[in-house]
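Given next are the chains, with one letter for each unit.
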Amino acid sequence: MTGGICNNSGGSLVQRGPAYTQLSLFAQVDAQGCLHLVNHLGIRLGGEPLDILTRLDAGDYTDTDVDFPQEVQASDIEYKEHVRDIAASTPARFNADPRRHYEASGSAGKIGVFAIRLDTFAVAEQERVFYIGTRDPAELQNIRRHILANFKTLPIAGEYMHADAFRAAQVWGKDLYFFIRKFGTVNVPRAFAAKSWFDGLTERFGFGKTISDHLLQWASRFLPEQIPERLITYRDTYPHHLMIRAGDACIEEMRDYLTSIFPSAAGDFIECTEAEGKAAFLNRFTVGSAVVRYRAVHGRTVEDIVALDVALPRDTIEWFETLPDEISHKMALKIYVGHFLCQVMHQEYLVKKGVDCAALEHQICALLDARGAEYPAEHNVGHLYEAKPALHDFYRSLDPTNTFNPGIGKTSKCRHWH
């Protein structure tokens, strides 16, 4: 969670927006090069750094030590209205957005963060998943704009998935889907750790590091079909899929609206059973791993993955990407998923063998720039992307001597930013 705050991470939850807080405890180097512990956590833990960290680590404080200052935020409380502004020419959320840069939030390693406080949110008493399929991407845009402009209650989540992404997850993420259904997401890190250990072993003995992927993919062929039949029918009928998770008051509002517009000439919708709803979102969850698996087992034909997370302006109408042939023909597979109501798209391209991936990425980014898109949308700029001026200034204000994480966002690696 701390990493999410430091990277302004987003996610699928429409009502909550990007990870954000103004309540944190962190170490910072000032302009004179002195290291300080800054307690803006809103918990009284004493005055000495060692005492503060020791008490926090031990949980040595009571309710009377915890403040609830009204002038600071522990989440992006304005996001629900911000995302509704469908006439705005800027994206709803992106990494370099200065409206959500504050101390730990968006700090990207320029300070050392020890603790944060976040708001909690009530879980909906009832939830329903509505699964929409269409042959016309404009139909999904009309739905997005209507929901944001007119609904009294926003959905919990609205996830887009192209049929090609559906198929990729269904085939190349089948074993992960099965594992999560049987053992839960809590055991996924342990499974990936075991896989990494095995890959390291096979690489050390000269067999490469994709043996496990080949074995798991082979074994997955013997698993029964995991996806419910009605969703598979939509996969084969419609290229564009939108999954909307609605809660409480939004359920009836969503049902009435979708019933009023479907079936249409281009699409239709399903009100999912509980099993179908879980399957739809789990299949969406496995897309990222499926892309990595595809690369691993197609090493002879795939050079690498070019992955972009892109924030489109809120007023964008033509949202679905159409690449020119000179770019598209360099790809073995294009995968499109995204957090649709805020128009943050995850676009992953499996590039054909022998193609210069860096050059291809620059070509795609030039097209995104022309569309007014921001990227990365919900990941850190790292050492791959250039930090835009507002983000550069924020990093410099946090770390005036450039001691922490120098060079991030292709900024200066020199002391004092020289």
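Residues numbered from 1 in each chain as written. Predicted model: local features only at pLDDT ≥ 70, side-chain atom pairs only at ≥ 80, totals over all residues. Heavy atoms only, no water.

**Thoughts on the nonpolar core**
Definition in use: Working definition of a nonpolar core: buried Ala, Val, Leu, Ile, Met, Phe, Trp, Tyr and Cys residues. They are joined through side-chain atoms within 4.5 Å. Throughout this description, buried means an accessible area under 20% of the type-specific maximum (1.4 Å probe, protein chains only), exposed means over 50%, and partly exposed covers the range between. Here, two residues are considered to be in contact whenever any of their heavy atoms come within 4.5 Å of each other.
Formed by 70 residues in total, the largest nonpolar core has its most connected members in Ile 132, Met 254 and Tyr 395. Among residues more than four places away in sequence, those in contact with Met 254 are Phe 130, Ile 147, Phe 151, Pro 155, Ile 244 and Ala 246. In terms of nonpolar packing, the next biggest core, distinct from the first, is built from 35 residues, Ile 227, Ala 290, Val 302 and Ile 305 among them.

**Looking at the sheet that holds strand β10 (residues 344–352)**
Rules: At least two DSSP bridges between two strands are needed for those strands to be called paired. For the purposes of this entry, the term helix denotes a DSSP run of H or I that reaches at least four residues, the term strand denotes a run of E that reaches at least two, and both are numbered from the N terminus. Where helices are involved, their axes are fitted lines through C-alpha atoms of the stretch in contact, as for all axes, and angles between N-to-C directions lie from 0 to 180°.
Taken in spatial order, the seven strands make up an open sheet running β7-β4-β6-β5-β9-β10-β8, and their pairing is antiparallel. Each end of this open sheet is capped by a strand with a single partner; those strands are β7 (267–271) and β8 (302–311). Within this sheet the neighbouring strands show an average axis-to-axis angle of 15°, counted without direction. Sitting on the sheet, helix α5 (residues 163–172) is in contact with β4 (127–134), β5 (157–162), β6 (240–247) and β9 (331–339), with an inclination near 85° to β5.

**Thoughts on the packing of helix α6 (residues 174–183) against helix α11 (residues 274–285)**
Here is the rule: Any angle between 65 and 115 degrees counts as roughly perpendicular, while under 35 counts as roughly parallel, over 145 as roughly antiparallel, and the rest as oblique. Handedness of each helix crossing follows the sense of rotation of the near helix against the far helix: counterclockwise by less than a right angle gives left-handed, clockwise gives right-handed.
It is at 9 Å that the axes of α6 and α11 come closest, and there the two elements cross at 130°. The angle between α6 and α11 falls in the class oblique. Judged by the twist between their axes, the crossing of α6 over α11 is right-handed. On the side of α6, the interface is formed by Tyr 177, Ile 180 and Arg 181, while α11 contributes Ala 279, Leu 282, Asn 283 and Phe 285.

**What about α6?**
Three or more residues of α6 are buried, namely Lys 174, Asp 175, Leu 176, Tyr 177 and Ile 180. Looking at the packing, one finds that the buried side of α6 touches α5, α7 (188–204), α8 (211–220), α11 and α12 (287–297). Once α6 ends, the next one or two residues include Gly 184, with phi positive near 85°.

**Examining the sheet that holds strand β2 (residues 35–40)**
Taken in spatial order, the three strands make up an open sheet running β2-β1-β3, and their pairing is antiparallel. Of all strands in the sheet, those bounded by a partner on one side alone are β2 and β3 (112–116). Direction aside, neighbouring strands of the sheet carry axes that sit 15° apart on average. Of the strand pairs in this sheet, strand β1 (residues 24–29) and β2 are connected by six bridges, and their pairing is antiparallel. If you follow Gln 28 over to β2, its bridge partner there is His 36.

**A few points about the layout of surface pockets**
Unfilled space is identified by rolling a water-sized probe across the atoms. For the record, the criterion: Cavity means a closed set of points on a 1 Å grid over the protein atoms alone, one where a 1.4 Å probe fits but cannot get out, pocket means an open set with protein on both sides within 12 Å along at least 5 of 7 lines, and lining means a residue has an atom within 4 Å of a point. Grid points are joined across faces, edges and corners, and a volume is the space filled by probe spheres set on the points. When residues are grouped by polarity, Ala, Val, Leu, Ile, Met, Phe, Trp, Tyr, Cys and Pro land in nonpolar, Asp, Glu, Lys and Arg in charged, and all others, Gly among them, in polar.
Considered as a void within the structure, the largest pocket measures approximately 970 Å³ in volume. Along its surface, the largest pocket is lined by 34 residues, and Leu 13, Glu 127, Ile 156, Ala 157 and Arg 245 are the ones closest to its centre. Looking at the lining of the largest pocket, the elements with two or more residues in it are β4, β5, β6 and α11. The element contributing the most residues to the lining of the largest pocket is α11, with seven residues. Partitioning the lining of the largest pocket into residue classes produces 14 nonpolar, eight polar and 12 charged. Counted as a void, the second largest pocket has a volume near 520 Å³. Along its surface, the second largest pocket is lined by 22 residues, and Asp 175, Leu 176, Lys 195, Leu 216 and Arg 293 are the ones closest to its centre. Elements with a minimum of two residues in the lining of the second largest pocket: α6, α7, α8 and α12.

**Looking at unusual backbone geometry**
Note: most residues except glycine have negative phi, and most peptide bonds are trans. Note the cis peptide between Phe 262 and Pro 263, where omega equals -5°. The omega torsion across Tyr 375 and Pro 376 is -5°, close enough to zero to call that bond cis. Not every positive phi belongs to a glycine, and Glu 103 is a case in point at roughly 50°. Relative to the helices and strands, Glu 103 is located in the loop between α3 (79–82) and β3. With a phi angle near 45°, Asn 405 is a residue other than glycine that sits in the positive phi range. Residue placement: Asn 405 occurs in the segment after α15 (389–398).

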